[in-house]
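As a plain string of letters, each chain reads:
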Amino acid sequence: MMKRKFIQKLCCFILILIFSQGNAPVFAQENDKSIKEIRSDAMDFYRNEIAAASLNEISAENLGVWQEVLNASLFMLIRNNELYRGRMRLIIEESQIIKCKIYPDGTILVSTGLLDYIEAKIAENLVASPRRIKNLNIEREKMLSAFLAHAAASFALDNMPVYFSDPRRSGEKNGELLKSYNLTADSFTLILLKLAGYDSNIFYNHLEELKRIQTDPNYAKRFETFFTDNFLPQQRISNLLKHKDEAEAIADEIYYVLDAVRSDDENAVEDAKQRISALRTAFPNNMYFKRLAAIAAHKKWEAGLSKENLLTAYPAGMKTSKKLNTKYEILNFDPKSLLIDQRKEDETGIPGNINDYDEAVRAYKNYLNSIGESGMESSYAMLLFYSPNINDKAESLSLAEKAYLSESGTKSMIASTNYASLLYLSQKDYTKAKLLLEPMIKNTATNTDSLFLITGSIIDKRIIIFNYARMLFGLGEVNKALKAREQLRPLIFSMEKYTPIILKKIKLEDTTDDLIEYWGKPSGIKYNYFSEKWFYDFLNAEVSISTATNNNIEKISIFADSTLSLPNDLRVGESRKSFESFFGPSLYMSGDLENYFYKANKIQVLYLNGFIRQIFITKLES
């Protein structure tokens, strides 16, 4: 009954989205060009602009504190939101003209004029109310994020390529057309800010400031494109207020989709598929939703498999892989039963649900025909390998190798892991498969290119260890396999007796009655048919409750500026050094998070520039 009500609510939501968005602009498919080709044409148009900016580029080392601020804001808005995990060139141009753009290929342009403007505003605010500003870098990040979020929203909506392909672009009302495209990005800016953990009011404050700048002789000329390419700030504010509820609803939908693609919970993934389908109906061009749709569809198909040799690494921050808990038992089987079958018999059909498989293939093609991304190409290669078609298998290995080479120089290990899996599964090169995984397990440092935005450590590292152990068993290298298995076991199961961490009288496994008694009623509740998430504004914390089982607390999430503290009075905002002086070093990384075990609690921490930004607490399996 609850599931039926949820589906009815979702259907109503689809209708609301469609009517609220009106006639969303779509790509003008001229001469049967693909979206990727249109993107390339658009980049030809912008290439001179980018080249001119690069002539006056400032190196990252010369940015001072702004390097950390830029990395933090861009990471939260783009990487942590799972908007895009591909390469993104970051250019800081020395120019007093205020610039903040993300081009169709992911190139990010920010001018020093923007950074100087923010510094001047903070100095002005310090004089007016010095006690209000506690952390200058956080203030810098908030102000910068209002600019970057709008650029990221335009990138997600593919506004530049869509505008470039619009035949009306050469008409007399070209200026108004550009403004209408940019207006669609305003509401999505609020969505990205909320998902990244920022107060969406910073964008309203930004627009109010633009109203003031219009008549400010010191800044009006430097902000010129913010007025020529957009409607007047007051019009934009009015439009935002008109669609505020829709933006809130969309943010909630994306929140649950993100929760699903960061896990391997079958129920969550099925729920995400329904939600993303509604979002794609309302936003047909949205590159962000195409990306999430492909990952969700692939996970849905994989969840229905009865037999898996190796686990797929997905290009979405895997916070925890519950599948590892059950798959680990495979490593306890008789080693003879785990030997690889080298007869290479041709499969007679696609394993699992063929409809789910076909949907995942279509979703990947839809995304990868829009833009390139090594992680997505890599996971798509893993999907293609299970096709019985010999050409698909050949394409799978070729695509995986291409993705692996493209990933070089980033912090990501997705393509390397999947390429190793395919070399093993296809029986092409067992030695290379092992050699690819070994340095990742040993934490051998990889050089990252400072010209590009940090990709993030997306994978749950335990997947790499599991795949390695499974390969070794398959190749009959039992002693090495047993060592890998023993390395993995304490990273999954608790070696201690459980003692709960108490946060203002609330702990894991407490009931909703306990929660209401000690923390009061929540500020808001997000829900689907198997879980609820209660958010508390006054604590800036969220409690996840399993409604499918016992209505008990299964996870507590703590966000920026929260007053909740862990043992030793450690909280969000503390340094990594302080945290690890009490809890010890991180055991492994998963989904950009460092993982710590404490009295059978799993504490996951997101660090930015060496300081805690978010904390997640769950209970370890015994």
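None of the values given here were measured: they were computed from a predicted structure.

Draft legend 1. Spotlight on the overall build of the protein. Scanning the protein from terminus to terminus reveals 23 helices and 11 strands. Relative to its length of 622 residues, the protein is compact, with a C-alpha radius of gyration of 25 Å against a globular reference of 25 Å. For the protein, the spread of C-alpha atoms along the principal axes amounts to about 80 × 65 × 55 Å. The buried share of the protein, reckoned over its 622 residues, is 56%.

Draft legend 2. The sheet that holds strand 1 (residues 90-93), seen in detail. The 3 strands lie next to each other as 1-3-2, forming an open sheet whose pairing is mixed. Each of the sheet's edge strands pairs with one partner strand only, and the pair in question is strand 1 and strand 2 (100-102). Adjacent strand axes in the sheet meet at a mean angle of 15 degrees when their direction is disregarded. Looking at chain direction, strand 2 and strand 3 (residues 108-111) are connected through 3 bridges and run antiparallel. Its bridge partner being in strand 3, Cys100 is matched across the sheet by Val110. The strands touched by helix 3 (residues 65-79) are strand 1, strand 2 and strand 3; relative to strand 3, the strand with the most contacts, the crossing angle is about 140 degrees.

Draft legend 3. Structural context of helix 13 (residues 287-303). Helix length check: helix 13 (17 residues) gives 25 Å between terminal C-alpha atoms against 24 Å at 1.5 Å per residue, within 8%. The buried fraction of helix 13 amounts to 16 of the 17 residues, a majority that puts the element mostly inside the structure. Looking at where helix 13 begins, the residue whose side-chain oxygen comes 2.9 Å from the main-chain nitrogen of Tyr288 is Asn286.

Draft legend 4. Inspection of the confidence of the model for the protein at higher detail. This prediction gives the protein a mean pLDDT of 89; 91% of its residues lie at or above 70. Overall, residues 15-23 carries pLDDT values under 50, and its contacts beyond four positions in sequence, including any with other chains, amount to 13 contacts.

Draft legend 5. Molecular detail of the pattern of salt bridges. The full count for this structure, using the stated rule, is 40 salt bridges. Notably, a salt bridge pairs Arg212 with Glu209, separated by 2.5 Å at the nearest N-O pair. Of this pair, Arg212 and Glu209 both sit in helix 8 (residues 201-213), separated by 3 residues, roughly a single helical turn. By relative accessible area, Arg212 is classed as partly exposed at 34%. A relative accessible area of 14% places Glu209 in the buried class. Of the charged contacts in the structure, one is a salt bridge between Lys300 and Asp356, with a shortest N-O distance of 3.2 Å. Taken together, the positions of Lys300 in helix 13 and Asp356 in helix 15 (residues 354-368) put the pair 56 residues apart, joining distant regions of the chain. The exposure classification of Lys300 matches that of Asp356, with both residues buried.

Draft legend 6. Quick look at the sheet that holds strand 5 (residues 531-536). The sheet built from 8 strands is open, its strands ordered 4-5-6-7-11-10-9-8 with antiparallel pairing. In this open sheet, the two edge strands, each paired with only one partner strand, are strand 4 (524-527) and strand 8 (588-590). Strand-to-strand twist of the sheet, defined as the mean angle between neighbouring strand axes without regard to direction, takes the value 25 degrees. Packing of helix 11 (residues 244-261) onto the sheet brings it into contact with strand 4, strand 5 and strand 6 (541-546), and relative to strand 5 it is tilted by some 120 degrees. Here helix 22 (residues 512-519) sits on the sheet and contacts strand 5, strand 6 and strand 7 (553-558); the angle it forms with strand 5, its principal contact strand, is near 5 degrees.

Draft legend 7. Main features of the environment of Phe45. Among the secondary structure elements, Phe45 is positioned in helix 2 (residues 35-55). A residue is classified by how much of its surface remains accessible, and Phe45, at 49% relative accessible area, is partly exposed. Between the alpha carbons of Phe45 and Phe164 there is a distance of 8.8 Å; along the sequence they are 119 residues apart. Those residues in contact with Phe45 that lie beyond four places of it in its chain are Phe164 and Arg169.

Draft legend 8. Structural context of the packing of aromatic side chains. In the structure shown here, the tally under the stated rule is 35 aromatic pairs. Here the aromatic rings of Phe45 and Tyr46 are separated by 5.1 Å at their centres, their planes lie at 85 degrees, and the arrangement is edge-to-face. Between Phe582 and Phe583 the ring centres are 4.8 Å apart and the planes differ by 85 degrees, which places this aromatic pair in the edge-to-face class. Its relative accessible area of 34% is what places Phe582 among the partly exposed residues. By relative accessible area, which is 10% here, Phe583 ends up buried. Residue placement shows Lys319 over the ring face of Phe616; its charged tip is 4.0 Å from the ring centre. One residue, Lys526, lies across the ring of Tyr255, its end atom 4.5 Å from the ring centre.

Draft legend 9. Fine view of the side chain of Ser457. Considering the arrangement of structural elements, one finds Ser457 in the loop between helix 19 (430-441) and helix 20 (461-474). On the basis of relative accessible area, Ser457 is assigned to the buried category, the value being 8%.

Draft legend 10. Region of interest: the nonpolar core. Within the largest apolar cluster, 154 residues are counted, with the highest numbers of intra-cluster contacts made by Ile78, Phe188, Phe223, Ile254 and Tyr288. Sequence-distant contacts of Phe223, that is, excluding residues within four places in its chain, are made with Ile98, Tyr117, Phe147, Leu210 and Ile213.

Cut-off values and rules
- In this convention, every chain numbers its residues from 1, walking through the sequence in written order.
- In keeping with the model being predicted, local features are shown solely for residues with a pLDDT of at least 70 and side-chain atom pairs are shown and tallied solely at 80 or more, while totals for entire chains, interfaces and linings include all residues.
- Hydrogens and water are ignored here; the side-chain numbers use all heavy atoms of the structure.
- Helix numbering and strand numbering both begin at the N terminus, where a helix is a DSSP run of H or I of at least 4 residues and a strand a DSSP run of E of at least 2.
- For the radius of gyration, the atom set is restricted to C-alpha positions; the globular benchmark scales as 2.2 Å times the number of residues to the power 0.38.
- Think of it in three bands: residues with accessible area under 20% of the maximum for their type are buried, residues over 50% are exposed, and the middle band is partly exposed, with areas taken using a 1.4 Å probe on protein chains only.
- We call two strands paired when DSSP finds no fewer than two bridges between them.
- Fitted lines through C-alpha atoms give the axes, limited to the stretch in contact for helices. The angle between two N-to-C directions lies from 0 to 180 degrees.
- The contact criterion used is simple: two residues touch if any of their non-hydrogen atoms lie within 4.5 Å.
- For a helix, the expected span equals 1.5 Å multiplied by the number of residues minus one.
- By the criterion applied in these results, polar contacts are pairs of N or O atoms within 3.5 Å in which, for protein atoms, one can donate a hydrogen and the other can accept it, and in which residues neighboring in sequence qualify only through two side-chain atoms.
- What pLDDT reports is the predictor's confidence in each residue, on a scale of 0 through 100.
- By definition here, a salt bridge exists when the distance from a side-chain nitrogen of Lys or Arg to a carboxyl oxygen of Asp or Glu is within 4 Å.
- Side-chain rings of Phe, Tyr and Trp (the six-membered ring for Trp) are treated as a pair once their centres are within 6.5 Å; stacked means planes under 30 degrees apart, edge-to-face means over 60, and tilted covers the remaining angles.
- Distance and angle both matter: a charge sits over a ring if NZ of Lys or CZ of Arg is within 6 Å of the ring centre and within 35 degrees of the ring normal.
- Here, the term nonpolar core denotes a set of buried Ala, Val, Leu, Ile, Met, Phe, Trp, Tyr and Cys residues that are joined through side-chain atoms within 4.5 Å.

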